[in-house]
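Notes for the structure review
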Amino acid sequence: MDILIKVLQFFLCFTVIVGLHEFGHFITARLFKIRVEQFYIFFNPWFSLFKFNYKGTEYGLGWLPLGGYVKIGGMIDESMDKEQMAAPVREDDFRAKPAWQRFIVMIAGVVMNLLTAVVIYCAVCYTWGESYLSNEDVKWGYEFNESAEKLGFVDGDRILTINGEEVDNVNLIVNSLLLTDGDCYVEVEREGMPIELEIPMAELIEMRRAEGYKGFLTPHIPFIVDSVHFDSAAALRHGDRVVSAEGLTATDMLSVRDYIADAAGSDVRLTVEREGNLIEVVVPVNAEGLMGITLLNPITLRTHEYTLLESIPAGIKRAGTTIADYWEQLKLIVKPETKMYEELGGFIAIGSIFAPEWNWLDFWLKTAFLSIILAVMNILPIPALDGGHALFTFWEMLTGRKVSEKVLEVAQYIGLGILFALLLYANGNDIYRFFIK
């Protein structure tokens, strides 16, 4: 069932972002009275799941979920339809229109994806607001996994800065370590003293390869008493924090709770911190493994709610930040020394980012993010992509000289070859990571 829910989210997400991308090309082509022969969500080699004709355009749903397309009359695109290009130029041909109109048609899909992301982020800010765990609120430090400990982190460390910059959102700490093209310098507070960790890039790459970023850190939540319900636990008071227990080294909430549960039917000796002093108490545990207390959670999420008008600039800012972050990732991928190219993934990797249970907030955030990825990837100046077509058209606008159809045709083949190679590499990475490694 988990896989089915992920697959359904994947297809719904791509139907939305690809459909709107192609609609951008479609509506601007119609605006400039350019002939649109086909409008497809997903590709349809050999057959379509369904199709129909309306006012000279064939609309359909393909079966190969690798994107989608709009076939515009009189344009060299991925269909490589040479017959129409050999025919006499028609008034409603793409090639018959001024360069500025063709340029707008070419970038309209990218613009539509960016607008889609902005609208989603605005709607998310208005509907759910923004909630996150602030690094400043993690006053008791973090618990680290084995990979983090190899990098020099110690349980209880509070992270102050990474490469000289404060990181407010806890969810961004690991990203700040992963997305780097050099050594990382992390300042931590350890037992009240600031310490700087110098982490070589080679060790960060090794951590990434070993997927040590999974469970890299979790906030240390201490065992603090909120209220006492059983008379037998009267030795404890509100605010008491367990700092040690017989045979127990870890004093986080879960460890102490499990320790107490295992001591069902007996007494436990606890050392608690109360108003700056250490006090030893003995508390009986009943047969059900309970002491009769409730615990205090000292860590809460920060939430910012937005009005309708406030959500608009907030959504625009969030989209802008996401675009900038993704662009930084792309720059790291093309730097061989970072080995970020090893992280390229295909359709399995994309599908795996969706939650195994249906959550509308998570779904729309992932959809906005993938819409931005689709926009950024399509605007790259690679022939066969929107950015490649737009680049040739922009050259024509600057020079007044139209690129020959022969050059466009060859460039299209080169671009398709590049895309096919990237597709094989990315999905090959998926197969290795998910089925072989």
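Below you will find a few notes about this structure. (Residues numbered from 1 in each chain as written. Predicted model: local features only at pLDDT ≥ 70, side-chain atom pairs only at ≥ 80, totals over all residues. Heavy atoms only, no water.)

**A look at the overall build of the protein chain**
Looking only at helices and strands, one finds twelve helices and 16 strands in the protein chain. Computed over its C-alpha atoms, the radius of gyration of the protein chain comes to 29 Å, more than 25% above the 22 Å expected for a compact globule of 437 residues. Considered along the principal axes of its C-alpha atoms, the protein chain spans approximately 95 × 45 × 45 Å. Considering the protein chain as a whole, with its 437 residues, one finds that 42% of them fall into the buried category. For the protein chain, the proportion of contacts with a sequence separation of at least 24, taken over those separated by at least 6, is 65%. Here the protein chain displays about 23500 Å² of accessible surface, and carbon together with sulfur accounts for 61% of that area. (Helix = DSSP H or I, 4+ residues; strand = E, 2+ residues; numbered from the N terminus. Rg over C-alpha atoms; globule rule 2.2 N^0.38 Å. Buried < 20%, exposed > 50% of the residue type's maximum accessible area, 1.4 Å probe, protein only. Contact = heavy atoms within 4.5 Å. Areas by Shrake-Rupley, 256 points an atom, 1.4 Å probe, with all protein chains shown as cover.)

**Quick look at empty space enclosed by the protein**
On inspection of all chains with the given rule, the structure shows one cavity of 30 Å³ or more. L177, L178, T180, M201, L204, I205, R208 and T338 are the residues that line the largest cavity. The greatest single-element share of the lining of the largest cavity, amounting to four residues, is contributed by helix α6 (residues 201-209). Looking at the lining of the largest cavity residue by residue, the class counts come to five nonpolar, two polar and one charged. (1 Å grid on protein atoms, 1.4 Å probe; cavity = no way out; pocket = protein on both sides within 12 Å on 5 of 7 lines; lining within 4 Å. Points joined across faces, edges and corners; volume = space filled by probe spheres on them. Nonpolar A, V, L, I, M, F, W, Y, C, P; charged D, E, K, R; others polar.)

**As for the nonpolar core**
A general feature of soluble globular proteins is that nonpolar side chains tend to end up buried together. With 35 residues, the main nonpolar core has C13, F14, I34, I72, F94, V105 and L370 as its most contacted residues. Mapped onto this core, the elements with two or more residues apiece are α1 (2-31), β1 (36-43), β4 (64-72), α3 (99-127), α8 (308-333) and α10 (360-379). The leading source of residues in this core is α1, at seven residues. Core analysis: the next-biggest nonpolar cluster, separate from the first, contains 25 residues, V167, I173, V186 and F216 among them. (Core = buried A, V, L, I, M, F, W, Y, C linked by side-chain atoms within 4.5 Å.)

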